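Observations on the three-dimensional arrangement
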Amino acid sequence: MNLILLGAPGAGKGTQGGLLTERLGLHRLSTGDLLREAVRRGTPLGEQAKTYMTAGELVPDAVILGLVREIMEGRGSGGPGGVVFDGFPRTLAQAEALETLLSDLGQRLDAVILVDVPDEVLVRRISGRRTCSGCGRVYNVFYDPPADEGVCDACGGTLEERKDDAEETVRRRLTVYREQTAPLVDHYERGETPFFRVDGDRDPEAVHDAIVNALHA
Ligand code: AMP
């Protein structure tokens, strides 16, 4: 099963992608995580992507499509499980390229899930987000703080704020989402792939249950 998780920055796509991975045995393909890893390692891809990411802009389609194609081709026929796409596609061109890529690989898209969250909640969620530099666990200083400020409960690592989670960049990312990614909602709502809109302004377990119920319906 191949799924797309669609939603604004801060909608909880990463969290839901992780839960779906555990529950359904899917492979999570997060272009944001792959890019951050490339930036951290200082690879040519990372060097190309860094300025766009820090400014809250989208990385050019050609770069993203090369990355996704490489991973999908590496998976071959895909095997059991399939992929949950998190943060991809983000433009109509990426959506069309994904359709071509899946058909080249003899695969298809099974569902698109929109995780819907009001704007004011998004800003608070993103600006409160902190990630453990050790194990990658994500906290929120407003909703889900660690027991000791700045320290990971799980591994004792230091909690860090993503560079692109600073308030000004967050506002730009939300504008970019509205202008370039939100049109995909319309695209998929009109298309043939089953499309589900899930209320994402609830605790992660409730959102996860709603997604699983929609997929089983
Ligand atoms: P995310 O973690 O998904 O919010 O992605 C973080 C940043 O990486 C975005 O603000 C973009 O700069 C870049 N990025 C991630 N995925 C894509 C994509 N599919 N297309 C273009 N840029 C992307």
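What you are looking at is a predicted structure, and each value in this text was computed from that prediction instead of being measured.

**Considerations on the sheet that holds strand β3 (residues 83–86)**
The 5 strands are arranged β2-β3-β1-β4-β8 in an open sheet whose pairing can be described as parallel. Edge positions in the open sheet fall to β2 (27–30) and β8 (195–199), since each of these has one partner strand only. The average angle at which neighbouring strand axes cross in this sheet is 20°, direction not considered. Inspection of the sheet shows strand β1 (residues 3–6) paired to strand β4 (residues 111–116) by 4 bridges, in the parallel sense. Within β4, the residue paired with L6 across the bridge is L114.

**Some remarks on the packing of helix α7 (residues 167–181) against helix α8 (residues 183–190)**
Across the interface, α7 lies against α8 with an axial gap of 5 Å and an inter-helix angle of 35°. Between α7 and α8, the residues in contact are Y177, R178, E179, Q180 and T181 and P183, L184 and V185, respectively. Broken down by class, the residue content of the contact of α7 with α8 amounts to 4 nonpolar, 2 polar and 2 charged.

**Overview of the sheet that holds strand β6 (residues 138–140)**
Taken together, the 3 strands give an open sheet; going across it, the order is β6-β5-β7, and neighbouring strands pair in antiparallel fashion. At either margin of the open sheet sits one strand with a lone partner, and together these are β6 and β7 (159–160). Looking at chain direction, strand β5 (residues 129–132) and β6 are connected through 3 bridges and run antiparallel. Bridged to R129 within β6 is N140.

Cut-offs and rules
Residues numbered from 1 in each chain as written. Predicted model: local features only at pLDDT ≥ 70, side-chain atom pairs only at ≥ 80, totals over all residues. Heavy atoms only, no water. Pairing = 2+ DSSP bridges. Helix = DSSP H or I, 4+ residues; strand = E, 2+ residues; numbered from the N terminus. Axes fitted to C-alpha atoms, helices over the stretch in contact; angles between N-to-C directions. Contact = heavy atoms within 4.5 Å. Nonpolar A, V, L, I, M, F, W, Y, C, P; charged D, E, K, R; others polar.

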